Amino acid sequence: MRKLVHSYGLDALDREESAPRRTMASPARFLSALKDAERERFPAIGVGDDVRLTGRAVVGGGLVADGRVVHLVAFPASKRGARPREVRVE
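All values reported here derive from a predicted model rather than from experimental measurement.

(A) Layout of the pairing of strand E1 (residues 38-43). Burial analysis of E1 places just zero of its six residues in the buried class, which makes it a mostly uncovered element. Bridge count for E1 against strand E2 (residues 49-54) is six bridges, and the pairing is antiparallel. Residue pairing for E2: Arg41 is matched across the bridge by Val51. The hairpin turn running from E1 into E2, its antiparallel successor, is five residues long, and Gly48 in that turn takes a positive phi close to 90°.

(B) Local environment of the confidence of the model for the protein chain. Within the protein chain, residue pLDDT values average 78, and 71% of them lie at 70 or more. Looking at the elements of the protein chain, mean pLDDT is at its lowest for helix H1 (residues 2-14), recorded as 72, and at its highest for E1, recorded as 95. The model gives residues 80-90 a pLDDT under 50, and that stretch makes ten contacts with residues more than four places away or in other chains.

(C) Highlighting the sheet that holds E2. As summarised here, the arrangement of the four strands in space is E1-E2-E3-E4, forming an open sheet in which the pairing is antiparallel. One side of each edge strand has no neighbouring strand; the edge strands of this open sheet are E1 and strand E4 (68-76). Mean inter-strand twist for the sheet, computed between neighbouring axes without regard to direction, equals 15°. With eight bridges joining them, strand E3 (residues 58-65) and E4 adopt antiparallel strand pairing. Considered in E4, the bridge of Ala65 is made with Arg68.

Criteria and thresholds
- Residues numbered from 1 in each chain as written.
- Predicted model: local features only at pLDDT ≥ 70, side-chain atom pairs only at ≥ 80, totals over all residues.
- Heavy atoms only, no water.
- Buried < 20%, exposed > 50% of the residue type's maximum accessible area, 1.4 Å probe, protein only.
- Helix = DSSP H or I, 4+ residues; strand = E, 2+ residues; numbered from the N terminus.
- Pairing = 2+ DSSP bridges.
- pLDDT = per-residue confidence, 0-100.
- Contact = heavy atoms within 4.5 Å.
- Axes fitted to C-alpha atoms, helices over the stretch in contact; angles between N-to-C directions.

Written as structure tokens, this is what we have:
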């Protein structure tokens, strides 16, 4: 965990200060956009299903196993209607 936190810290320091910050007006609005996002399910590499979320204002993904969300990550979409780039691991 220490290396991961260090990496995020370095990324934050390296971030361009002039870049505009995109934020949503409220957490409730973000959660509502997440709830309304299109969901696609795929068999996970291990246990459960890989779930991908795409909406007008959000993108994200997670893992669902035994009917429970194991983890979920979501971000405001960089462009309206943008779909996340597919990454293949071989």
